[in-house]
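What the coordinates show
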Amino acid sequence: MPGLKSIALNGLVGMSVVSAIAVQKPIYHPDLDVDVPYPPYPDVNLLPLVETEALQDKITGNKLLRRAKHLFNIAKRSEAEYGRPTRVIGSVGHASTIAYIYASLQSFKHYYKISSQPFNAVNGKVYESRLVLDNDVAESASPMGLTPPTKDKQPVYGNLIAVANNGCDAEDYPKEVSGNIAFIKRGDCAFSTKSELAGKAGAVAAVVYNYESGPVAGTLGTPVPNHIATFGLSGSDAQKYLEQLADGETIPATAYIDSVVDIVETLNVIAQTRGGDQDNCVMLGGHSDSVEAGPGINDDGSGTLSLIEVAVALTNFKVNNCVRFAWWSAEEEGLLGSDHYIDTLSAEENKKIRLFMDYDMLASPNFAYQVYDARDNVNPVGSQALRDLYVDWYTEHGLNYTFIPFDGRSDYDGFIRHGIPAGGIATGAEGIKTASEADAFGGEAGVPYDVCYHSLCDNIQNVNVTAWEINTKLVAHSVAKYAVSFEGFPERTLNNNINLAVDNKNSYEKTTKHHGSKLFI
Ligand SMILES: *[C@@H]1O[C@H](CO)[C@@H](O)[C@H](O)[C@H]1NC(C)=O
Ligand SMILES: *[C@@H]1O[C@H](CO)[C@@H](O)[C@H](O)[C@H]1NC(C)=O
Ligand SMILES: [Zn+2]
């Protein structure tokens, strides 16, 4: 299997590298940059200015569905290696997805500057795990994402030792933790910090139990040297052990995790209009990767393909402001591509992004029209105006919508944390549709919005084309609106959070416990 880079490059063979247009400061890796269109090419300035209805008219469900079928075939290329269709990072299915994005934009090199941004993504796999507490298998125990294995990938034994407070300080770890299994309450600091401190205190494994009754589906995030094998445990399972420990009883425990954490080279793809004010950009993104479990046609094949359709449709028009499309990689490993992008952006480049719009899962089979409830009192100023653009559009089209928490579960998270106004729409993941939502949107109450979320059946049957077409028209509207004008939209400062009252300034950071699909705190 050729490496990712060479596959992406294959689509670009034969491209001239003479520069006809002033090259921007190279904020992306230069290797794959497509700088020079082949003349003769249409003069973008002769095109009509983009108009929202005209752009929306170019979007059809059939075109989206045709692309979805193609994307499923792309996912099938991974079958030889993974035994199932998938577009997980590092797979040929993902590399081919990136090549497909490039190929779809090939004819529009005169219109877009297309570039790539390679980076190293950490990828964790847990093959087997078990936690036994006082001779009972802890059913709710789940290994944290990116957890290292237990020593030699063998079971380790010790007593369960309660850690003081929330285990966020080295002093919270009594010396009996050494050689034993640390029992730590969730809260206040990242799971990563707890695992690291437990490791430094000499624990052979760590268990983070929930302060709520439910389980903890968490991730340790970027590996650090002292991380140890770490489980999440539900609050209800933890209760009896906490009582026993409070009574001074000894609880023998066995922890076992067989896992690997490795590095996969992957890349983001960025396409930016050559036309329009290059210092004032509207940016939008979806993620090009899927989970390993399945082909990811709704998550986020839908957003990926909506972006392609809108990018292609836009080439019929001229823009006043620059439009920048992003296809992020390694979202499923914890928003790694968008994090990398935003972390490596200079302050000057940061300010050119007037807002970021996130499009992740636009076609869930049992959909709701969900709008992220972004607000100017907790998010960078401008986020709420974007939220209202979606609300107004659904309302004007006689459609119902619902607000959902803006809680860090997708690629907007890094933008918000870096002071850039953001928002987006979605159609629902593993959550259950309520009876009133079934009245508002159709579909089935008591059933997940997407029954195939993060699983093998996220295939071409797993999209509602009606919802997908409607949402893609809304994506088109959001692009057209800001491509024409930012009038009335707040100016960027280096950090639009600066406008917030001091108490609110970090409230997003204080209250947001997700980073991608998993909890990190
Ligand atoms: C909007 O929701 C109401 C119930 O809340 C329902 O009666 C109506 O049919 C819905 N509209 C559409 C277009 O589905
Ligand atoms: C998609 O949603 C629409 C509106 O709720 C519904 O009429 C249609 O049957 C759905 N399509 C599929 C394939 O489920
Ligand atoms: Zn997603």
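Each remark here, short or long, concerns the structure printed above.
Please read all numbers here as calculations on a predicted model, not as lab measurements.

Parameters and conventions
Residues numbered from 1 in each chain as written. Chains lettered and ligands numbered in written order. Predicted model: local features only at pLDDT ≥ 70, side-chain atom pairs only at ≥ 80, totals over all residues. Heavy atoms only, no water. Near = heavy atom within 4 Å. Polar contact = N/O pair within 3.5 Å; in protein donor to acceptor, adjacent residues only side chain to side chain. Areas by Shrake-Rupley, 256 points an atom, 1.4 Å probe, with all protein chains shown as cover. Nonpolar A, V, L, I, M, F, W, Y, C, P; charged D, E, K, R; others polar. Helix = DSSP H or I, 4+ residues; strand = E, 2+ residues; numbered from the N terminus. Buried < 20%, exposed > 50% of the residue type's maximum accessible area, 1.4 Å probe, protein only. Patch = residues over 30% accessible without salt bridge, like charges linked within 9 Å, V, L, I, M, F, W, Y side chains within 5 Å. Salt bridge = Lys/Arg side-chain N within 4 Å of Asp/Glu carboxyl O. Lys, Arg positive; Asp, Glu negative; His and termini not counted. Charge placed at Lys NZ, Arg CZ, Asp CG, Glu CD. Contact = heavy atoms within 4.5 Å. Pairing = 2+ DSSP bridges.

1. Description of the site of ligand 1
All residues in the neighbourhood of ligand 1 are listed as Gly398, Asn400, Asp439 and Ala440. Take alanine 440: an N or O atom from its main chain is 3.2 Å from an oxygen atom of ligand 1. For ligand 1, whose unbound accessible area comes to 360 Å², protein coverage reaches 39%. Classifying every residue of the shell around ligand 1 gives one nonpolar, two polar and one charged.

2. Re the site of ligand 2
The immediate surroundings of ligand 2 are formed by Phe367, Phe441, Asn464 and Thr466. Out of a free accessible area of 360 Å², ligand 2 has 37% covered by protein chains. By residue class, the composition of the shell around ligand 2 is two nonpolar, two polar and no charged.

3. Remarks on the environment of glycine 83
Mapped onto the elements of the fold, glycine 83 is located in the loop between α4 (79-82) and α5 (92-105). We classify glycine 83 as exposed; its relative accessible area is 67%. Between the C-alpha atoms of glycine 83 and alanine 293, which are 210 residues apart in sequence, the distance is 10.0 Å.

4. Remarks on a positive patch on the surface
On the surface, Lys58, Lys63, Arg66 and Lys69 cluster together to form a positively charged patch. Following the sequence through the fold, lysine 63 ends up in helix α3 (residues 61-76). On the basis of relative accessible area, lysine 63 is assigned to the partly exposed category, the value being 31%.

5. Looking at the side chain of serine 410
As for its position among the elements, serine 410 is in the loop between β14 (402-404) and α12 (412-417). Of the polar contacts made by the side chain of serine 410, one reaches the side chain of aspartate 358; its length is 2.9 Å.

6. Examining helix α6 (residues 191-200)
Note on helix geometry: an α-helix contains 3.6 residues per turn, so any two residues three or four positions apart are oriented the same way. Counting buried positions over the ten residues of α6 gives seven, a clear majority of the element. By the burial criterion, the buried members of α6 are Phe191, Ser192, Lys194, Ser195, Leu197, Ala198 and Gly199. In the core, the buried residues of α6 are packed alongside β6 (181-185), β7 (205-209), β8 (230-233) and β17 (518-519).

7. A few points about the pairing of strand β15 (residues 422-426)
Counting buried positions along β15 gives five out of five residues, so the element sits mostly inside the fold. What you see with β15 is no split at all: Ala422, Gly424 and Ala426 on one side and Gly423 and Ile425 on the other are buried throughout. As paired elements, strand β12 (residues 353-359) and β15 share four bridges and run parallel to each other. Note on β15: the bridge partner recorded for aspartate 358 is glycine 424.

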